[in-house]
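Residue strings, one per chain:
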Amino acid sequence: MEELGRVDITEFKQQAKLPVVIILDSVRSMHNIGSIFRTSDGFAVEKIFLCGITAQPPQREIEKTALGATQSVDWEFRTDTAELILELRKAGYKILAIEQAEQSVMLNNFQPLSSENYALIFGNEVNGVSDEAMKLIDTCIEIPQFGTKHSFNIVVSAGIVLWDLYSKLNINNKIS
């Protein structure tokens, strides 16, 4: 890890973070949950909120794909996604659902502001972001797609959106 220039868990906890928290709204696959932990570690996300039926570490199936990221990335379980959204908004976060919906903004057209903090909601693999949560969002972001399938896997979506925000915020200058 030293040759790759990676930080250890202690350094990771202390380093500046991407101004993003992730909300998993009743995500059912523990492999997906673990992979989102790993992806969140890679982009130095502030925190993950596990809501509704979303499983919590320690679980063997989560750890299988998280590869230790459940120890590096801060997380918290919350039963009520809507209550969490209201708390995060009050704390100054802009609430963004990652979903296909009417009046969504295409990801390539979304321009995050470096002065803002963002809460990204990723929904259930079958039903998407809950209707209750969708009523409380500031913006809905949609990832453009050009093939025959109508959606991306949640982990792929998280990676695409986090990379997009990271690159648009020029985070190398902000957190280095």
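Along each chain, numbering runs from 1 in the same order as the chain's sequence is written. Under the rules for a predicted model, residues below a pLDDT of 70 receive no local features and side-chain atom pairs below 80 are neither given nor counted, while totals for whole chains, interfaces and linings still include all residues. Excluded from the side-chain calculations are hydrogens and water; all other atoms, namely the structure's heavy atoms, are used.

## Examining unusual backbone geometry
Right, so step 1: Cis peptide bonds are those with omega within 30 degrees of zero, and the linkage from Pro57 to Pro58 qualifies with -5°.
Right, so step 2: Secondary structure is summarised from DSSP: a helix means a run of H or I of at least four residues, a strand means a run of E of at least two, and numbering begins at the N terminus for each. Residue position: Pro58 is located in the loop between β2 (45-51) and α3 (60-66).
Right, so step 3: Non-glycine residue Ser26 carries a positive phi angle of around 60°.
Right, so step 4: By the element assignment, Ser26 lies in the loop between β1 (18-25) and α2 (30-42).
Right, so step 5: Located in the positive-phi region is Gln103, a residue other than glycine, with phi close to 65°.
Right, so step 6: Considering the arrangement of structural elements, one finds Gln103 in the loop between β4 (93-98) and β5 (105-106).

## Structural notes on the pairing of β1
Right, so step 1: Burial classification: accessible surface area is computed with a 1.4 Å probe over protein chains only, and a residue below 20% of its type maximum counts as buried, one above 50% as exposed, and the rest as partly exposed. Within β1, eight of the eight residues are buried, leaving the element largely enclosed by the surrounding structure.
Right, so step 2: Burial of the side chains of β1 extends over both faces: Leu18, Val20, Ile22 and Leu24 are buried on one face and Pro19, Val21, Ile23 and Asp25 on the other.
Right, so step 3: Note that the unit made of β1, α2 and β2 has a crossover that is right-handed.
Right, so step 4: Pairing between strands is defined by DSSP: at least two bridges between the two strands are required. Bridge count for β1 against strand β6 (residues 117-123) is six bridges, and the pairing is parallel. Of the residues in β6, the one forming a bridge with Val20 is Tyr118. Handedness is read with the strands pointing away from the viewer; a crossover is right-handed when the path from the first strand over the helix to the second is clockwise.

## Structural notes on the sheet that holds β6
Right, so step 1: On the basis of which strands lie adjacent, the open sheet formed by seven strands has the order β3-β2-β1-β6-β4-β7-β5 and parallel pairing. Edge positions in the open sheet fall to β3 (74-78) and β5, since each of these has one partner strand only.
Right, so step 2: In this structure, β4 lies alongside strand β7 (residues 139-142), joined through three bridges in parallel fashion. In the sheet register, Ala97 faces β7, and the bridge partner there is Cys140.

## As for the packing of α2 against helix α7 (residues 154-168)
Right, so step 1: Think of each axis as a best-fit line through the C-alpha atoms, taken over the contacting stretch in the case of a helix, with angles from 0 to 180 degrees between the N-to-C directions. Put simply, α2 and α7 touch, their axes get as near as 9 Å, and they point 15° apart. Our classification of the angle between α2 and α7 gives roughly parallel. In this structure, the crossing between α2 and α7 has a hand that is right-handed. Residues Asn32, Ser35, Ile36 and Thr39 of α2 form the contact with α7, whose participating residues are Ile154, Val155, Ala158, Gly159 and Leu162. Our angle categories are set so that under 35 degrees counts as roughly parallel, over 145 as roughly antiparallel, 65 to 115 as roughly perpendicular, and the remainder as oblique. With the far helix as reference, a near helix turned anticlockwise by less than a right angle produces a left-handed crossing, and one turned clockwise produces a right-handed crossing. The contact criterion used is simple: two residues touch if any of their non-hydrogen atoms lie within 4.5 Å.

## A look at the packing of aromatic side chains
Right, so step 1: Between rings of Phe, Tyr and Trp, where Trp is taken as its six-membered ring, a pair exists when centres lie within 6.5 Å; planes separated by under 30 degrees are stacked, by over 60 edge-to-face, and by other angles tilted. A full pass over the atoms with the stated rule returns four aromatic pairs.
Right, so step 2: Between Phe110 and Tyr118, the aromatic rings sit 6.0 Å apart at their centres with planes inclined by 80°, giving edge-to-face as the arrangement.
Right, so step 3: Exposure remark for Phe110: the relative accessible area of 11% places this residue in the buried category.
Right, so step 4: Judged by relative accessible area, Tyr118 falls into the buried class, the value being 4%.
Right, so step 5: A centroid spacing of 5.7 Å and a plane angle of 20° characterise the contact between Trp163 and Tyr166, whose relative ring orientation is stacked. You can see Trp163 and its partner Tyr166 sitting in helix α7, three residues apart, about one turn around the helix.

## Section: the pattern of salt bridges
Right, so step 1: One speaks of a salt bridge when a side-chain nitrogen belonging to Lys or Arg is within 4 Å of a carboxyl oxygen belonging to Asp or Glu. Here the structure, examined in full by the defined rule, presents eight salt bridges.
Right, so step 2: Note that Arg28 is salt-bridged to Glu125, the shortest N-O span being 4.0 Å. Of this pair, Arg28 sits in the loop between β1 and α2 while Glu125 sits in the loop between β6 and α6 (131-134); the two residues are 97 residues apart in sequence, bridging distant segments of the chain.
Right, so step 3: Residue Lys47 is joined to Glu76 by a salt bridge in which the shortest nitrogen-to-oxygen separation is 2.6 Å. You can see Lys47 sitting in strand β2 and its partner Glu76 sitting in strand β3, a full 29 residues away along the chain.
Right, so step 4: Its relative accessible area of 22% is what places Lys47 among the partly exposed residues.
Right, so step 5: Residue classification places Glu76 among the partly exposed positions, given a relative accessible area of 27%.
Right, so step 6: Each member of the salt-bridge network shares a partner with another, and the members are Lys47, Glu76, Arg78, Glu83 and Glu87.

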